Amino acid sequence: PLRGNAFYPNFHLAPPAGWMNDPNGLIYHQGVYHAFYQHHPFSENWGPMHWGHAISKDMVRWQHQPVALAPGEEFDRDGCFSGSAVHDNGTLSLIYTGHVWLNGEGNDSAIREVQCLATSQDGLHFTKQGVVLTPPENIMHFRDPKVWQEDGHWWMVVGARDASDCGQVLLYKGTSLRDWTFDRVLAKADAASGYMWECPDFFPLGDENILMCSPQGIRTQGHDYQNLFQSGYLRGHWQPGHHFEITQGFMELDHGHDFYAPQSFTAADGRRIIIAWMDMWESVMPSKEEGWAGCLTLPRELTLRDGKLLMVPVEEVCTLRREHRPLTPCVLKGHVQQLSENAQATEIILQWDLSHSDAERFGIMLGDGLSVFVDKQAQRLFLSRDYSAYGIQDSRSVVLPEGNLLELRVYIDRSSVEVFVNQGEKTLSSRIYPQPDKRALSLFAEKGQAMLSQGDSWTLSTE
Ligand code: DQQ
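Since the structure is predicted, the reported quantities are computational estimates derived from the model, not experimental observations.

Cut-offs and rules
- Residues numbered from 1 in each chain as written.
- Predicted model: local features only at pLDDT ≥ 70, side-chain atom pairs only at ≥ 80, totals over all residues.
- Heavy atoms only, no water.
- Helix = DSSP H or I, 4+ residues; strand = E, 2+ residues; numbered from the N terminus.
- Rg over C-alpha atoms; globule rule 2.2 N^0.38 Å.
- Buried < 20%, exposed > 50% of the residue type's maximum accessible area, 1.4 Å probe, protein only.
- Areas by Shrake-Rupley, 256 points an atom, 1.4 Å probe, with all protein chains shown as cover.
- Lys, Arg positive; Asp, Glu negative; His and termini not counted.
- Charge placed at Lys NZ, Arg CZ, Asp CG, Glu CD.
- Core = buried A, V, L, I, M, F, W, Y, C linked by side-chain atoms within 4.5 Å.
- Domains from an automatic or database assignment.
- Pairing = 2+ DSSP bridges.
- Phe/Tyr/Trp six-rings, centres within 6.5 Å; stacked < 30°, edge-to-face > 60°.
- Lys NZ or Arg CZ within 6 Å of the ring centre and 35° of its normal.
- Near = heavy atom within 4 Å.
- Polar contact = N/O pair within 3.5 Å; in protein donor to acceptor, adjacent residues only side chain to side chain.
- Contact = heavy atoms within 4.5 Å.
- Buried area = accessible area lost by both parts, 1.4 Å probe.
- Salt bridge = Lys/Arg side-chain N within 4 Å of Asp/Glu carboxyl O.

**A closer look at the overall build of the protein chain**
Scanning the protein chain from terminus to terminus reveals zero helices and 34 strands. Here the protein chain has a C-alpha radius of gyration of 22 Å; the compact-globule value for 463 residues is 23 Å, and the two agree. Principal-axis analysis of the C-alpha atoms gives the protein chain an extent of 65 × 50 × 40 Å. When burial is assessed residue by residue, the protein chain has 61% of its 463 residues classed as buried. Here the protein chain has roughly 18200 Å² of accessible surface; of this, 46% comes from carbon and sulfur atoms. Taking the 37 positively charged and 58 negatively charged side chains of the protein chain as two groups, their mean positions are separated by 2 Å.

Spelled out as structure tokens, the structure:
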């Protein structure tokens, strides 16, 4: 019923009603993709966390399922917080954080967090199995277990906040999903990179290991970090039983406004996929007027090529393409060229020749509220939003990649925009809130010329 609303997405997973945040328990199990997510079914605001559930054959078209976990036991009384899913001898098993407020709701200084197990035989109904791991001494914030199997053991990373208010990722080793031993502190924040590292994920990619995490309380001053909460990653090498040798410290993962708590999983054919919550704590969420809030990003394939971490939409997303409109190569000079009167669900790929473009600013606009443009002098790509009716006026930007050709692949789905730069070298993901009559999509160039050397666009399925 929410589908008729102005902001409700066509092809991104959003809650059937109410609130959604982090993706949880992403897994390919017995021929089906499962996405669980942090969910408050009773209102459009965050509240006692449930696990919502949806399934898909292709990671693109999702079918809602009944709520998988609801808070209520003594150990998860105030919320079934984030976690992950694994197959344990054919049983779909969820490992999640049981959250309890000890001193009143929202009071972060007195909480109890433990890791819990729930299992299912049919992939639909889950039975809670109780607490499997309690926090070490002096650690109170202890959540978001990500579990995997390697080298004949179970492994778990958990996000934590140490006694001096620095984020940490703790590593545990298990002989079963119920029996865990502390292995080591896998990585720690420095003073600028957050007081709590939420939603860690640790996995091999190429011949490296990637540690993703979502720090709270990033200090942006003196850094290029653009959000207070900011998902990022560290790179390095790891083998079971050894330290994580970090070769590159914390880096932002996506450069838009709304990208948090990503989780990875492996697709049927082994591709490493990540999906994030496409919203952000403390942001204005105008979709609440429609009775819902929060959606997930497109699934993105992660690879390492020539030392670069790349993130592109999974190829299954191309099955959404409907009407194809190739764009004629052209030189734009101080004017606006309309591509579509009403872009609701659109993919557009643009290739700009930077060596023949001297305009101060050029790129695309959606209505008068969104622009994605190159700022020649700053040598940056901007994503800028202006929705004064909602008090939103801000921009995010990223350094232009090297080279004369700049490819922008852009997805628009009602209230979201995702930009993939040069085959996923950089991405910018943001929520947008245009009025229904202000969705014209155009190319523009200001003060000078811009050369579009190639372009394609598609309307995307809204079924
Ligand atoms: N969201 C969950 C927590 C996690 C946070 C609660 C990150 O488990 O740490 O909804 O957005």
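Don't stop here, the text continues.
**Topic: the nonpolar core**
Inside soluble globular proteins, nonpolar side chains tend to come together where they are buried. Counting residues in each nonpolar core, the largest one holds 45 residues, and the members touching the most others are Trp 352, Leu 381 and Val 419. Examining the composition of this core, we find that four residues originate from one element, strand β30 (residues 405-413), more than from any other. No fewer than three residues from each of domain 1 (2-314) and domain 2 (317-460) sit in this core. By size, the runner-up hydrophobic cluster in this structure holds 26 residues, among which are Leu 26, Ala 267, Ile 275 and Trp 458.

**Here's the deal with the pairing of strand β29 (residues 392-399)**
Here strand β28 (residues 380-387) pairs with β29 via eight bridges, running antiparallel. Within the sheet, the bridge partner assigned to Asp 386 lies in β29 and is Gln 393. Linking β28 back to β29 in an antiparallel pair, the connection comprises four residues, with Gly 391 at a positive phi of about 70°.

**Some thoughts on the packing of aromatic side chains**
Evaluation of the coordinates by the stated rule reveals 28 aromatic pairs. A centroid spacing of 6.3 Å and a plane angle of 70° characterise the contact between Phe 7 and Tyr 390, whose relative ring orientation is edge-to-face. Separated by 383 residues along the polypeptide, Phe 7 in the segment before β1 (18-29) and Tyr 390 in the loop between β28 and β29 bring together distant segments of the chain. Both residues of the pair, Phe 7 and Tyr 390, count as buried. An aromatic cluster is present here, built from Trp 19, Trp 46, Phe 81, Phe 229, Tyr 260, Trp 277 and Trp 281 joined pairwise through their rings. Note that Arg 321 overlies the ring of Trp 458, its terminal NZ or CZ placed 3.7 Å from the centroid.

**Digging into the sheet that holds strand β19 (residues 292-293)**
Taken in spatial order, the five strands make up an open sheet running β4-β3-β2-β1-β19, and their pairing is mixed. A strand with exactly one partner marks an edge of an open sheet, and here the two such strands are β4 (62-69) and β19. One ladder, built from five bridges, connects strand β3 (residues 50-56) with β4; its direction is antiparallel. If you follow Ser 56 over to β4, its bridge partner there is Trp 62.

**Thoughts on the site of the ligand**
Taken together, Asn 21, Asp 22, Gln 38, Trp 46, Met 49, Phe 81, Ser 82, Arg 143, Asp 144, Glu 198, Tyr 260 and Trp 281 are the residues near the ligand. Between the ligand and Asp 22, the relevant distance is 2.8 Å, taken from an oxygen atom to a side-chain nitrogen or oxygen of the residue. Here an oxygen atom of the ligand sits 2.5 Å away from a polar atom, N or O, in the side chain of Asp 144. The protein chains hide 97% of the 310 Å² of surface that the ligand would expose on its own.

**Some thoughts on the side chain of His 53**
Residue position: His 53 is located in strand β3. A polar atom in the side chain of His 53 sits 2.9 Å from the side chain of His 34. Beyond its immediate sequence surroundings of up to four residues, His 53 is in contact with His 34, Ala 35, Phe 36, Tyr 37, Gln 63, His 64, Gln 65, Pro 66, Ala 68, Gly 123 and Phe 126.

**Considerations on the domain arrangement of the protein chain**
Examined at the domain level, the protein chain breaks down into domain 1 (2-314) and domain 2 (317-460). Using only C-alpha atoms to locate each centre, domain 1 and domain 2 end up separated by 30 Å. Opposite the 41 residues of domain 1 that make contact, domain 2 presents 40 residues. Note on domain 1 versus domain 2: buried area summed over both sides is about 3400 Å², and carbon and sulfur give 53% of it. Together, Phe 7, Phe 11 and His 257 form the three largest contributors to the area buried by domain 1 at its contact with domain 2, with a combined 21%. At the boundary of domain 1 with domain 2, the tally comes to four salt bridges. If you look at where domain 1 meets domain 2, you find 26 residue pairs in polar contact (both at pLDDT 80 or more). Among the elements that take part in the side of domain 1 that touches domain 2, strand β21 (residues 308-313) stands out by supplying six residues, more than any other.

**Things to note about the environment of Met 451**
Mapped onto the elements, Met 451 comes out in strand β34 (residues 449-460). For the pair formed by Met 451 and Cys 330, sequence separation is 121 residues and the distance between their alpha carbons is 6.0 Å. Residue contacts for Met 451: discarding those within four places in its chain leaves Cys 330, Val 331, Gln 351, Trp 352, Asp 353, His 356 and Ser 357.

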